[in-house]
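The residues making up each chain are set out below.
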Amino acid sequence: MVSVGSVGVFCGSSSGTGERYTEAAQELGALLAEERVSLVYGGGRVGLMGTLADSCLARGGHVVGVIPRGLFRREVAHRGVSELLEPPTMHERKALMYDRSDAFVALPGGLGTLDELAEVATWTQLGLHRKPLVLLDVDGFWRPFVELLDTMVAAGLLKQANRELLAVHSTPRDALEHLRSVEPTYVEKWIEADDR
C-alpha cells in the first residue's frame, strides 16, 4: 500500500444543482479526517470547496487551503482551516497544491477544476511527478470527459497508458483505496526522430 498523507482535491466553488455533489464532498471530507489524511484544496469557504473543508474540519481533520492573495473577495477565503496559504498568483496556487499533495481527487466542478486536473495529469504524463489521480464520478458527472479521453486515444492523440493515469471511481472510499494502491508509471511521450 502506498503512503498517502495528503490528498489534493479539486472541486467547484459552487455547489451545483446535484444534491449528490454536496453529499460526496461531505463524505470525502469526513473520510479524509477519519483516515488521518490531510486535505489540500482551493481555500474557499463556499460551494463544494466549503462543504468539503467543513466536513473534514468537523471531524478533526487537517485542512490546508490555498487561495491567491487579493484575487477573490476576502470573505471567500476559509479562515477556519488548519493552514491558509495565500500565494500571489493562480500559477503559484496550483504549484503549491501539487507540491503539498501526495495524490489527487477531482470532484465535480467547473473550468477551474478541469484546469487543475488536466494540468496535474499532464505533469504526471511528462514525468514531473508520480502522484495518482482519481475522478470521483458522482452521478456520472465525469462520464463525458472520460468519453473525450477515449476519443483522444482512438484518434491517436493520447496513449492508452496515459489515459489510464486518470482512474474513475464512484465512492470516496474506493477513490482513496485506489490512491493507496497505485503509483503511476512514466510512459515516454516523445517520438524520437529515428522512430518516425
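Anything mentioned here points back to the structure above.
Residues numbered from 1 in each chain as written. Predicted model: local features only at pLDDT ≥ 70, side-chain atom pairs only at ≥ 80, totals over all residues. Heavy atoms only, no water.

Digging into the pattern of salt bridges
Side-chain pairing between opposite charges can occur once the charged atoms of the two side chains come close.
Part 1 of the argument: Overall, the coordinates contain nine salt bridges when judged by the stated rule.
Part 2 of the argument: In this structure, R20 engages E23 in a salt bridge whose closest nitrogen and oxygen atoms are separated by 3.0 Å. Of this pair, R20 and E23 both sit in helix α1 (residues 19-34), three residues apart, roughly one helical turn.
Part 3 of the argument: The residue K94 makes a salt bridge to D115 at a minimum N-O spacing of 2.8 Å. Placement of K94 in helix α3 (residues 90-100) and of D115 in helix α4 (residues 111-125) is noted, with a sequence separation of 21 residues between them. (Salt bridge = Lys/Arg side-chain N within 4 Å of Asp/Glu carboxyl O. Helix = DSSP H or I, 4+ residues; strand = E, 2+ residues; numbered from the N terminus.)

Describing a nonpolar patch on the surface
Part 1 of the argument: Residues L148, M152 and L157 make up a contiguous nonpolar surface patch of about 290 Å² in total accessible area.
Part 2 of the argument: Within the element layout of this structure, L148 appears in helix α5 (residues 143-154). (Patch = residues over 30% accessible without salt bridge, like charges linked within 9 Å, V, L, I, M, F, W, Y side chains within 5 Å. Areas by Shrake-Rupley, 256 points an atom, 1.4 Å probe, with all protein chains shown as cover.)

Let's talk about the packing of aromatic side chains
Part 1 of the argument: Throughout the structure, instances matching the rule amount to seven aromatic pairs.
Part 2 of the argument: Each ring, one from F10 and one from Y98, has its centre 6.2 Å from the other, and the planes form 75°; the classification is edge-to-face. With a gap of 88 residues between them, F10 in strand β1 (residues 6-10) and Y98 in helix α3 connect regions that are remote in the sequence. Each member of the pair F10 and Y98 is classed as buried.
Part 3 of the argument: For the ring pair F141 and W142, a centre distance of 4.9 Å and an interplane angle of 90° mean the geometry is edge-to-face.
Part 4 of the argument: We classify F141 as partly exposed; its relative accessible area is 27%.
Part 5 of the argument: Members of the aromatic cluster, connected to one another through ring pairs, are F10, Y98, F104 and W123. (Phe/Tyr/Trp six-rings, centres within 6.5 Å; stacked < 30°, edge-to-face > 60°. Buried < 20%, exposed > 50% of the residue type's maximum accessible area, 1.4 Å probe, protein only.)

Things to note about α1
One turn of an α-helix holds 3.6 residues; hence residues three or four places apart share an orientation.
Part 1 of the argument: Under the 1.5 Å per step criterion, the end-to-end length of α1 is 23 Å for 16 residues, consistent within 8% with the ideal 22 Å.
Part 2 of the argument: For α1, the set of buried residues is Y21, A24, A25, L28, G29, A30, L31, L32 and A33.
Part 3 of the argument: Positive backbone phi, approximately 55°, marks R36, located one or two places after α1. (Expected span 1.5 Å × (residues − 1).)

None of the figures reported here should be taken as evidence of function without further support.
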